[in-house]
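Inside the fold
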Amino acid sequence: MKIRLANTAGFCMGVRRAVDLALDLQRSRPALPIVTYGPLIHNPQTLELLRSKGIEEVKNIDDITGGTVIIRAHGISPQEKEKLEAKGVKIIDATCPRVNRVQIVIMRAAAKGRFCVIVGDEDHPEVRGLMGYASAGGVAAPDPDAIPDAIPTQGDICVVAQTTQEPERFNRVVEKIRAINPNVHVSDTICDSTRRRQEEVGRMADEVDLVVVVGGKGSGNTQRLLNVAQAQGVAAVHVESQEELTPELFAHVRRVGVTAGASTPNWQIRRVIDKVKHIARSSDTGLRHSLRRVGDLTVMTYLWASAAGAGLTAACLALQGIAVTATPLLVSALFVFSMHILNRILEGSGAVRFNSPEIAQFYDRRRGVFKVLGLTSSVAALGLAWLIGPWSFVLLLGMLVMGRLYSSRLPEARFAGLPWRSLNDVPGSKTPLVALGWGTCASILPIINDPQLWTAAAGVSFLFAASAVFWRTALSDLLDIQGDRIVGRETIPILIGIKKTRTLLLWLLFGMCVLPALAAALGVTTVTGYYVAAVLPTFFCVYQMYTRRHLVDRLLWEGIMDGILIVAGLTSVL
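All of these numbers come straight from a predicted model, not from anything done at the bench.

**Topic: the overall build of the protein chain**
- Scanning the protein chain from terminus to terminus reveals 24 helices and 12 strands.
- Along the first, second and third principal axes, the C-alpha set of the protein chain runs to 90 × 55 × 50 Å.
- Relative to its 574 residues, the protein chain shows a buried fraction of 53%.
- When contacts within the protein chain are restricted to residue pairs at least 6 apart in sequence, long-range pairs at least 24 apart make up 73% of them.
- Accessible surface, the protein chain as shown: approximately 25,100 Å² in total, 58% of it carbon and sulfur.
- Separation of charge centres in the protein chain, based on 60 positive and 49 negative side chains, amounts to 5 Å.

**Thoughts on the packing of helix α11 (residues 303-319) against helix α24 (residues 554-573)**
- In contact at an axis separation of 7 Å, α11 and α24 are set at 30° when each is read in the N-to-C sense. With respect to the hand of their crossing, α11 and α24 are arranged in left-handed fashion. The segment α11 lies against α24, with W304, A305, A307, A308, G311, L312, A314, A315 and A318 engaging E558, G559, D562, G563, L565, I566, A568, G569, S572 and V573.
- Across the contact of α11 with α24, the residue classes break down as 12 nonpolar, five polar and two charged.

**A closer look at the pairing of strand β11 (residues 235-239)**
- Pairing of strand β10 (residues 210-214) with β11 involves five bridges; the strand directions are parallel. Within the sheet, the bridge partner assigned to V212 lies in β11 and is V237.
- Between the parallel elements β10 and β11, the chain passes through helix α8 (residues 220-231) in a crossover that is right-handed.

**Notes on the nonpolar core**
- Formed by 62 residues in total, the largest nonpolar core has its most connected members in L312, Y363, L396, F464 and L475.
- Element by element, the count of residues in this core is highest for helix α18 (residues 456-479), at 10 residues.
- If we skip the residues at most four places from it in the chain, F464 touches L312, A315, C316, L319, L515, P516, V532 and L536.
- With 30 residues, the next largest nonpolar core counts A205, V258, I273 and I279 among its residues.

**Some words on the sheet that holds strand β5 (residues 90-93)**
- On the basis of which strands lie adjacent, the open sheet formed by four strands has the order β3-β2-β4-β5 and parallel pairing. Of all strands in the sheet, those bounded by a partner on one side alone are β3 (55-58) and β5. For this sheet, the mean inter-axis angle between neighbouring strands, taken without regard to orientation, is 30°.
- The sheet contact formed by strand β4 (residues 68-71) and β5 spans four bridges and is parallel. Pairing of I71 across the sheet is with D93, part of β5.

**Describing the pattern of salt bridges**
- Inspection of the entire model under this criterion finds 16 salt bridges.
- For D156, the salt bridge identified is with R114, shortest N-O distance 3.9 Å. In this pair, D156 is assigned in the loop between β7 (138-140) and β8 (157-161) and R114 in the loop between α4 (97-111) and β6 (115-119), connecting sequence segments 42 residues apart.
- For R172, the salt bridge identified is with E168, shortest N-O distance 3.5 Å.

**A short note on the sheet that holds β8**
- Judged by pairing direction, the sheet is parallel, and its four strands sit side by side in the order β7-β6-β8-β9 without closing on themselves. Every interior strand has two partners, whereas the edge strands, β7 and β9 (184-186), have only one. Averaged over all neighbouring strand pairs, the angle between strand axes comes to 20°, with direction disregarded.
- In this structure, β6 lies alongside β7, joined through three bridges in parallel fashion.

**Considering unusual backbone geometry**
- Not every positive phi belongs to a glycine, and H252 is a case in point at roughly 65°.
- Relative to the helices and strands, H252 resides in the loop between β11 and β12 (255-260).
- A positive phi angle, near 65°, is found at Y302, a position not held by glycine.
- If you trace the backbone, Y302 turns up in the loop between α10 (287-300) and α11.

**Examining the packing of α18 against helix α23 (residues 538-548)**
- Where α18 contacts α23, the two axes come as close as 11 Å, and the packing angle between them is 10°. Compared by their axis directions, α18 and α23 come out roughly parallel. Contact residues: A468, W471, L475, L478 and L479 in α18; F539, V542, Y543 and Y546 in α23.
- Among the residues forming the contact of α18 with α23, the class breakdown is nine nonpolar, no polar and no charged.

Conventions used here
- Residues numbered from 1 in each chain as written.
- Predicted model: local features only at pLDDT ≥ 70, side-chain atom pairs only at ≥ 80, totals over all residues.
- Heavy atoms only, no water.
- Helix = DSSP H or I, 4+ residues; strand = E, 2+ residues; numbered from the N terminus.
- Buried < 20%, exposed > 50% of the residue type's maximum accessible area, 1.4 Å probe, protein only.
- Contact = heavy atoms within 4.5 Å.
- Areas by Shrake-Rupley, 256 points an atom, 1.4 Å probe, with all protein chains shown as cover.
- Lys, Arg positive; Asp, Glu negative; His and termini not counted.
- Charge placed at Lys NZ, Arg CZ, Asp CG, Glu CD.
- Axes fitted to C-alpha atoms, helices over the stretch in contact; angles between N-to-C directions.
- Left-handed = near helix turned anticlockwise from the far one by under 90°.
- Nonpolar A, V, L, I, M, F, W, Y, C, P; charged D, E, K, R; others polar.
- Pairing = 2+ DSSP bridges.
- Right-handed = clockwise from strand over helix to strand, strands pointing away.
- Core = buried A, V, L, I, M, F, W, Y, C linked by side-chain atoms within 4.5 Å.
- Salt bridge = Lys/Arg side-chain N within 4 Å of Asp/Glu carboxyl O.
- Parallel < 35°, antiparallel > 145°, perpendicular 65-115°, else oblique.

Everything listed is a geometric property; what it means functionally is a separate question.
Following this line, the structure appears as structure tokens:
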């Protein structure tokens, strides 16, 4: 069974902004209680998650007595906002900018005395909020077959759309209104994200046997995705969670399309995809499926990352003109394996249960086995490091100790006043520390026993290795930003923002490509620098894939990124 994921699935800009505002606000410890006026977004799982963090929903303004109030993404009327301001509470406006634009269009039209028609569901909170701006009068028109009698036949009329409306329905309603009153001023306020989602699901429906639409049952834009798919004549099902999927739904299905509403979080989409994969595996016994499963297990158990560590070490040795032997490569492979495995065990589910549900379940069932494997690989790495030299042993021992301390937490009862109770809590610490560990093991550990090898080439190889791992890890942080924000992990993209992180990655990639080639041209390193520089631009292709698809097959993605480091090592040796 083939699974195709829509490029546009998941949070739209407005929903992402609203959820980020709520989560960031909760961490800043504002005036309590923290409440949202109405549901922040239309997704039960996300709302439950917010409740678990102390952010409750209030349906009536009269029930608000103080603290901090978050205005929902759908917006509210100006009259409601005035009531909130009169209560003296702190207000955080999470209204979607697209909705805010519609509010401004209606307000300006009302100032000119124009009657307003909002094409949308009159009971939807966005439409109710917009209607408050229609001071010259207004009605909602949900359907071309349900045009309200209140539309005037004389005077100017302003027509706008609920941001999640279907374009085809909007155009039909406009035609009906023109037949009643030709003095119509139309503003197509349908969100571009909504339009792209509906267009994509329409194309997808022609290429699959079943469309699975993920999202809250109360989400209008999610329901419209289902309607678009069904209008194409394809079987379609709307689910809120993976528990609603059964093997019977996929009987005789060879191609599945998965899309999601604008208020559906990435982690919920991933859980649905994992469930579809599980159902597919139970019925698929072909060679291709078996090979893919072996590949997934290789990446999931960090064996592939270990090979990437060995490849990086081979490239560093070749850059320095040192013979590539098995021992330092094995040390790096075992170090990478033990660090990732043991940190995964010590961290528990954490953000991974949101970012990669399949991986979280895999380790939850095998914690004991992997703990033994992690400790065994650490001991083996130390033994091999001793063969290289005593200082290699000391350096690796220090790195392993720091790795253990990274996820170890001080007791909350005794250290409650500390802002951070582990290195893992230090904002932005993960990515540079991972880069430092890999880079040191790959370039410094093999040569530390011989001062004659402490050359400029060693410095270049360290910068190359650390930069490559930093780039790899920071891009993974971009993919995981939603889950990391939920659990409060402050990674680099959360600290400096997505846009600045992307800029940083592009400049870092440019430097990574130039440094080895320039060092080789100046005679600082061997000619291997040219070959390494030729491999690294492949990272840009991975970056382009990320910019086009925010939701990806995570195991395949990690396999590609670590595969580039393996290829760099093989190229250096050959």
